[in-house]
Amino acid sequence: MKAVLLGATGGIGRALARRMAARGDQLFLLGRDEASCERSARDLEAWGASEPVGTARCDLLDPSSFAPALDQAAARLGSLDTAVVSAGIFGTQEALERDADLRHEMLTANFVGTIGFCEAVRPRLLATGDGTLCVFSSVAGDRARRPVTLYGAAKAGLSYYLAGLDARYRREGLRTVCVKPGFVHTAMTAGLRPPPFAAEPDAVARAVLRAIDAGRPVVYTPAIWRLVMLGIRMLPRAAMRRLEF
Ligand SMILES: NC(=O)c1ccc[n+]([C@@H]2O[C@H](COP(=O)([O-])OP(=O)(O)OC[C@H]3O[C@@H](n4cnc5c(N)ncnc54)[C@H](OP(=O)(O)O)[C@@H]3O)[C@@H](O)[C@H]2O)c1
């Protein structure tokens, strides 16, 4: 694969990038902090990346950075057949209700910015006739729940958009992979109380890479979350008003 990765400087994205490097995929890293991207690129070379890993600045909060970053990636890789977007931010419901700036940043990065980036990369992936766009949403977007009302709203919108891309472009050769992780131990969740089925980034990365290879439109990871969310989606509203999960 010739893949551009946005969000591989940490967490699940880094674990996924390491797995891709180890099997010889050609990678190009995008991120908001150039020094951090450079460090991650050297790390991926140590993990076995087949060629030097290029980097470019790309910030979900700065749409003007999208096209130049993708131009640099395409120039280095020759063409792009895969894009992975694992960049995103989280805030607790309490923090997001309290802090209007944080709320705006989360909604902008996780919804407006992520969709804007996907729209920027979509024509390039379609041009290959066999492209893959893998984007991290969340189980939080599957059903409105009290502890993740705002974060979940952004992820619900993102999941909806990705399902639409799948409906609209799969026949033209664009495979959309919507990743729905449950709780994963990363910097994003540091300090939060882990619920049941909490996972490690590398296990999630392994499942995501399998889904990319198979072109699966939706992947819950760990897989048990598909059943958990099926049950939660069936609960009546009265139960949702009481549920603290
Ligand atoms: N961890 C979980 O439990 C969990 C559960 C469900 C869904 N998810 C989703 O899975 C994805 C990955 O989460 P994670 O746990 O791996 O998070 P993480 O460890 O916090 O890593 C987040 C990544 O996003 C990048 N990023 C943040 N803001 C950005 C911006 N404005 N522009 C560009 N890049 C930006 C970070 O870059 P820097 O290195 O510059 O900070 C980092 O590479 C996210 O979309 C998250 O919402 C996570």
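All figures in this text were calculated on a predicted structure; none of them were measured in a lab.

**Student:** Describe the site of the ligand, naming the residues involved and giving the relevant values.
**Tutor:** Residues in contact with the ligand amount to 28 residues; listed here are only the nearest, Thr9, Gly11, Ala87, Gly88 and Thr186. In terms of residues, the shell around the ligand owes the most to one element, helix 1 (residues 11–22), which gives three residues. Taken together, the residues that form the shell around the ligand break down as 13 nonpolar, twelve polar and three charged.

**Student:** So what about the nonpolar core? Which residues, and what values?
**Tutor:** Within the largest apolar cluster, 65 residues are counted, with the highest numbers of intra-cluster contacts made by Leu5, Leu27 and Val135. With six residues, helix 1 is the single largest residue contributor to this core. Among all residues touching leucine 27, those that are not within four sequence positions of it are Ala3, Leu5, Ala17, Met20, Ala21, Leu44, Ala49 and Val53.

**Student:** Give me the environment of arginine 233: which residues, what numbers.
**Tutor:** By secondary structure assignment, the location of arginine 233 is in helix 8 (residues 224–234). When the 9 C-beta atoms within 10 Å are taken as the criterion, arginine 233 is described as exposed. Sequence-wise, arginine 233 and arginine 143 are 90 residues apart; in three dimensions their C-alpha atoms are separated by 5.9 Å. Apart from residues lying up to four places away in sequence, arginine 233 is in contact with Asp142 and Arg143.

**Student:** If you had to explain the sheet that holds strand 1 (residues 2–6) to someone new, which residues and values would you point to?
**Tutor:** Taken together, the seven strands give an open sheet; going across it, the order is 3-2-1-4-5-6-7, and neighbouring strands pair in parallel fashion. Since the sheet does not close on itself, it has two edges, and those belong to strand 3 (54–57) and strand 7 (218–221), each with one partner. Averaged over all adjacent pairs, the angle separating strand axes in this sheet is 15 degrees, with direction ignored. As paired strands, strand 5 (residues 131–136) and strand 6 (residues 174–181) are joined by six bridges and run parallel to one another. Its bridge partner being in strand 6, cysteine 134 is matched across the sheet by valine 177. Sheet contacts for helix 5 (residues 100–128): strand 1, strand 4 (82–85), strand 5 and strand 6; angle to strand 5, the most-contacted strand, approximately 160 degrees. Across the sheet, helix 6 (residues 149–169) is in contact with strand 5 and strand 6; its angle to strand 6 comes to roughly 155 degrees.

**Student:** So what's going on with the environment of glutamate 94? Residues and values would help.
**Tutor:** Within the fold, glutamate 94 resides in helix 4 (residues 93–98). Each C-alpha atom of the pair glutamate 94 and proline 52 lies 43 Å from the other, and the pair is 42 residues apart in sequence.

**Student:** Account for the pairing of strand 5, naming residues and giving values.
**Tutor:** Within strand 5, six of the six residues are buried, leaving the element largely enclosed by the surrounding structure. By the alternation rule, side chains of strand 5 split into Gly131, Leu133 and Val135 and Thr132, Cys134 and Phe136, which are all buried. Note that strand 4 and strand 5 share four bridges and pair parallel. Following the sheet pairing, valine 85 is matched in strand 5 by valine 135. Traced from strand 5 through helix 6 to strand 6, the parallel crossover comes out right-handed.

**Student:** Summarise the environment of histidine 185; cite the residues concerned and give the values.
**Tutor:** Tracing the backbone shows histidine 185 in the loop between strand 6 and helix 7 (201–214). When sequence neighbours within four positions are dropped, the list of residues in contact with histidine 185 reads Ala198, Glu200 and Pro201.

**Student:** How would you sum up the packing of helix 1 against helix 7? Please name residues and give values.
**Tutor:** Put simply, helix 1 and helix 7 touch, their axes get as near as 8 Å, and they point 60 degrees apart. As summarised for this structure, helix 1 and helix 7 are arranged oblique, according to the angle between their axes. At the point where helix 1 passes helix 7, the crossing takes the right-handed sense. Along the contact surface, helix 1 presents Gly11, Ile12, Ala15, Leu16, Arg19 and Met20, while helix 7 presents Pro201, Asp202, Val204, Ala205, Arg206, Val208 and Leu209. Class assignment for the residues of the contact of helix 1 with helix 7 results in nine nonpolar, one polar and three charged.

**Student:** So what's going on with helix 7? Residues and values would help.
**Tutor:** The end-to-end C-alpha distance of helix 7, which contains 14 residues, comes to 20 Å, matching closely the 20 Å that a straight helix rising 1.5 Å per residue would cover. Among all positions in helix 7, only Pro201, Val204, Ala205, Val208, Ala211 and Ile212 are buried. Down the axis of helix 7, the smallest arc covering the buried residues is 125 degrees, so these residues share one side. Exposed side of helix 7, more than 90 degrees from the buried face: Arg210, Asp213 and Ala214 are the residues found there. Residues of helix 7 that are buried in the fold lie against helix 1, strand 5, strand 6 and strand 7. Of the residues flanking the end of helix 7, it is glycine 215, one or two places downstream, whose phi is positive at about 65 degrees.

Rules and cut-offs
The residue numbers shown here count from 1 along each chain, following its written sequence. For this predicted model, a pLDDT threshold of at least 70 governs which residues receive local features, and a threshold of 80 or more governs which side-chain atom pairs are given and counted, while totals over whole chains, interfaces and linings are taken from all residues. Using a C-beta atom placed from the backbone for every residue, we mark a residue as near a molecule or strand if that atom lies within 6 Å of it. Numbering of helices and strands runs from the N terminus; a helix is a DSSP stretch of H or I covering at least four residues, while a strand is a stretch of E covering at least two. Note on residue categories: nonpolar means Ala, Val, Leu, Ile, Met, Phe, Trp, Tyr, Cys or Pro, charged means Asp, Glu, Lys or Arg, and polar means any other residue, Gly included. Residues enter a nonpolar core if they are buried, belong to Ala, Val, Leu, Ile, Met, Phe, Trp, Tyr or Cys, and are joined to the set through C-beta atoms within 7 Å. Three exposure classes are used. Buried residues have 20 or more other C-beta atoms within 10 Å of their own C-beta, exposed residues have 12 or fewer, and partly exposed residues fall in between, all C-beta atoms being placed from the backbone. C-beta atoms are first placed from the backbone for all residues, and any pair lying within 7 Å is then listed as a contact. Here a strand pair is declared whenever DSSP counts at least two bridges between the two strands. Under this scheme, a helix contributes an axis fitted over its contacting stretch, all axes are lines through C-alpha atoms, and angles between N-to-C directions fall in the 0 to 180 degree range. Handedness of a crossover is defined as follows: with both strands directed away from the viewer, a clockwise route from the first strand across the helix to the second makes it right-handed. Just so you know how the angles are binned, under 35 degrees is roughly parallel, over 145 roughly antiparallel, 65 to 115 roughly perpendicular, and the rest oblique. Crossing handedness follows the turn of the near helix against the far one: under a right angle anticlockwise gives a left-handed crossing, and clockwise gives a right-handed one. A helix is expected to span 1.5 Å for every residue after the first. As used here, the arc belongs to the directions running from the helix axis to the C-beta atoms.

Keep in mind these values describe shape, not function.
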